[in-house]
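# Structure at a glance
Take a look at the letters that make up each chain.
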Amino acid sequence: MTLMPSAALNAASRDRLGRPLRDLRISVTDRCNFRCVYCMPKEKFGADHQFLERKALLSFEEITRLARLFTQLGIEKIRLTGGEPLVRRGIEQLIGMLASIPGLDLTLTTNGSLLARKATVLRAAGLKRVTVSLDSLDDAVFKAMNDVDFPVAKVIEGIDAAAAAGLTPIKVNMVVKRGVNEHSILPMAKFFRERGHILRFIEYMDVGVTNGWRMDDVVSAREIVDIVSREMPLEPADPNYTGEVAERWRYSDGPGEIGVIASVTQAFCRDCTRARISTEGQLYTCLFATSGHDLRALLRGGASDEAILARIGGVWGARDDRYSEIRGQQTQPLKKIEMSYIGG
Ligand code: SAM
Ligand code: SF4
Ligand code: SF4
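Description of the structure in this document. (Residues numbered from 1 in each chain as written. Chains lettered and ligands numbered in written order. Predicted model: local features only at pLDDT ≥ 70, side-chain atom pairs only at ≥ 80, totals over all residues. Heavy atoms only, no water.)

With respect to spatial proximity, the complete set of residues near ligand 3 consists of F268, C269, C272, R274, R276, C286, L287, F288, R319, D321, Y323 and S324. Across the shell around ligand 3, the residue classes break down as seven nonpolar, one polar and four charged. (Near = heavy atom within 4 Å. Nonpolar A, V, L, I, M, F, W, Y, C, P; charged D, E, K, R; others polar.)

Shown next, in the form of structure tokens:
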């Protein structure tokens, strides 16, 4: 095993705002079989859209090498994402490789479309749990949001298959957009409470530059909690750990909980311990970044582990991102990276 050079470790231990490096999100593909209106709108991601070429993508070996190095810098949890991670060919092989890294909490976020087919093989490869995105139980609403006519029932089938395969606890992500799916908040809460899965409501965010985001479209976490609470009373629950993205609320009248991710109305940059690696190996220190740091060039240029560790450590040590806290203060529009590329 490579020994950690102390300079890299020291630099990486805390960023300029005192935040440690703990979580890593790895985007394994920029492609997706959905065209969610808030993420990959069809007008911008049409038939002529140029996705990355295969050789531009980090290979499984490259991803695994980086993952091992990141664990030396304090990473405890890796989430595979995209694009849609389950459309990357051989993803179960990558999971097998990452699962062999000791002490790593490995998870994946998926739109669920391929989960019914893949849940068992993912579990066998070593994946412990999954997060599945679903924005409504109403077929017309969901189809309008995924914009490829994908039915709710198939995602539920995927969730059930994941539960049966033991990929638990299952979390379900629902992005709430005003005028589009607020009326799905309560039915979703009831449905997933009954099934024993943790539903997390996500405020619609201004990631990238293509989704036409407006503050008026955001339904705040406060409003969401009020809507659920009116029918099923909620009380705040303690975070599971410092830096947890979702604020937890438990039902006061029995078992179950929900989460709200209030990245717009209650910024949580102060505790943000996340780094991201894009599909082609750029390191980003914020979801709203405008540029990254090229790790693929180091990997392919024959850099030693020590050199890569020093680079990552240096980038993290210089980090002062807090976009959500200063949202709206920019004088020029930012050319932010798209979520499907950077990894949600
Ligand atoms: N394709 C997978 C999926 O949809 O679960 C993984 C990638 S997706 C970019 C990761 C998460 O980001 C999903 O839960 C998705 O709903 C969420 N997301 C995408 N665009 C968003 C936006 N503009 N605001 C809030 N959440 C968003
Ligand atoms: Fe695809 Fe996920 Fe983005 Fe929807 S949110 S378009 S499923 S990457
Ligand atoms: Fe972290 Fe950037 Fe989101 Fe703030 S805006 S919580 S720094 S990813």
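Let us now look at the environment of E61. Positionally, E61 belongs in helix α2 (residues 60-72). In the structure, E61 is positioned 231 residues away from G292 in sequence and 21 Å away in space, judged by C-alpha atoms. (Helix = DSSP H or I, 4+ residues; strand = E, 2+ residues; numbered from the N terminus.)

Now for helix α3 (residues 91-99). For α3, the complete set of buried residues consists of I91, L94, I95 and L98. Angularly, the buried residues of α3 cover 100° about the axis, an arc narrow enough to put them on a single face. At its buried positions, α3 is contacted by α2, β2 (77-81), β3 (105-110) and α4 (115-125). (Buried < 20%, exposed > 50% of the residue type's maximum accessible area, 1.4 Å probe, protein only. Arc of directions from axis to C-beta. Contact = heavy atoms within 4.5 Å.)

The subject of this paragraph is the site of ligand 1. For ligand 1, the set of nearby residues contains 20 residues, the closest of which are Y38, G83, S133, M205 and M339. Contact between ligand 1 and N173: an oxygen atom at 3.1 Å from a side-chain N or O atom of the residue. Expressed as a share of its isolated accessible area of 540 Å², the protein-covered part of ligand 1 is 95%. Elements with a contribution of two residues or more to the shell around ligand 1: β3, β5 (171-176) and β6 (198-203). Classifying every residue of the shell around ligand 1 by side-chain character gives eight nonpolar, 10 polar and two charged. (Polar contact = N/O pair within 3.5 Å; in protein donor to acceptor, adjacent residues only side chain to side chain. Areas by Shrake-Rupley, 256 points an atom, 1.4 Å probe, with all protein chains shown as cover.)

Let us look at the packing of aromatic side chains. For any pair of aromatic rings, the description consists of the separation of the ring centres together with the inter-plane angle of the planes. Scanning the entire structure with this criterion turns up four aromatic pairs. Between F34 and F150 the ring centres are 5.0 Å apart and the planes differ by 45°, which places this aromatic pair in the tilted class. Here the residue F34 occupies a position in the loop between β1 (23-27) and α2, and F150 occupies one in the loop between α5 (139-146) and α6 (152-165), the gap between them amounting to 116 residues. Pairing F191 with F192 gives two aromatic rings, centres 4.9 Å apart and planes at 85°, and the pair type is edge-to-face. The buried category is assigned to F192, whose relative accessible area is 0%. Three or more aromatic residues link up through ring pairs in this structure, and these residues are F34, F142 and F150. Against the face of Y251 rests R193, its NZ or CZ located 3.9 Å from the ring centre. Here the basic side chain of R327 rests over the ring of F288, its NZ or CZ set 5.3 Å away from the ring centre. (Phe/Tyr/Trp six-rings, centres within 6.5 Å; stacked < 30°, edge-to-face > 60°. Lys NZ or Arg CZ within 6 Å of the ring centre and 35° of its normal.)

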